[in-house]
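Architecture at a glance
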Amino acid sequence: MTSHSLYLVTATGGEELDLTYAKELRSNNLFPFGQHNYAIYRTPEGVYVKGTNSGNLNLMLDQYEVMQEEEAKTYKHPFQRLEEE
């Protein structure tokens, strides 16, 4: 059996969520970390979760929010990674 570390988060509404076996539907998890980082997950229970970065340079995702299915499927992230020249 495959060993997994648990991926447990707390959403902005206070919900405790287990993303260990969630399917990542879409993401932009490029380094260096910043507000361009996001991920949309669907848990095995059918809960849609958006993970975002508040500007934290040390963590890829640091805020989580439960979403409705339609919102998750049509989500457009407002930030893009800025390339240094």
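Our subject in this report is the structure included herewith. On a predicted model such as this, the values are computed, not experimentally measured, just so you know.

Side note on the side chain of Asn 37
- Along the polypeptide, Asn 37 turns up in the loop between strand 3 (23-28) and strand 4 (38-42).
- Side-chain polar atoms of Asn 37 contact the backbone oxygen of Leu 30, separated by 3.0 Å.
- Ignoring sequence-local partners within four residues, the contact set of Asn 37 consists of Asn 28, Asn 29, Leu 30, Pro 32, Gly 51, Thr 52, Asn 53, Met 60, Leu 61 and His 77.

Brief notes about the packing of aromatic side chains
- Tallied over the entire structure, the rule returns 4 aromatic pairs.
- Between the aromatic rings of Phe 31 and Phe 33, the centroid separation amounts to 5.2 Å while the plane-to-plane angle is 80°, which identifies the pairing as edge-to-face.
- Grouping aromatic residues by their ring pairs yields a cluster made of Tyr 7, Tyr 41 and Tyr 64.

What counts and how
- Residues numbered from 1 in each chain as written.
- Predicted model: local features only at pLDDT ≥ 70, side-chain atom pairs only at ≥ 80, totals over all residues.
- Heavy atoms only, no water.
- Helix = DSSP H or I, 4+ residues; strand = E, 2+ residues; numbered from the N terminus.
- Polar contact = N/O pair within 3.5 Å; in protein donor to acceptor, adjacent residues only side chain to side chain.
- Contact = heavy atoms within 4.5 Å.
- Phe/Tyr/Trp six-rings, centres within 6.5 Å; stacked < 30°, edge-to-face > 60°.

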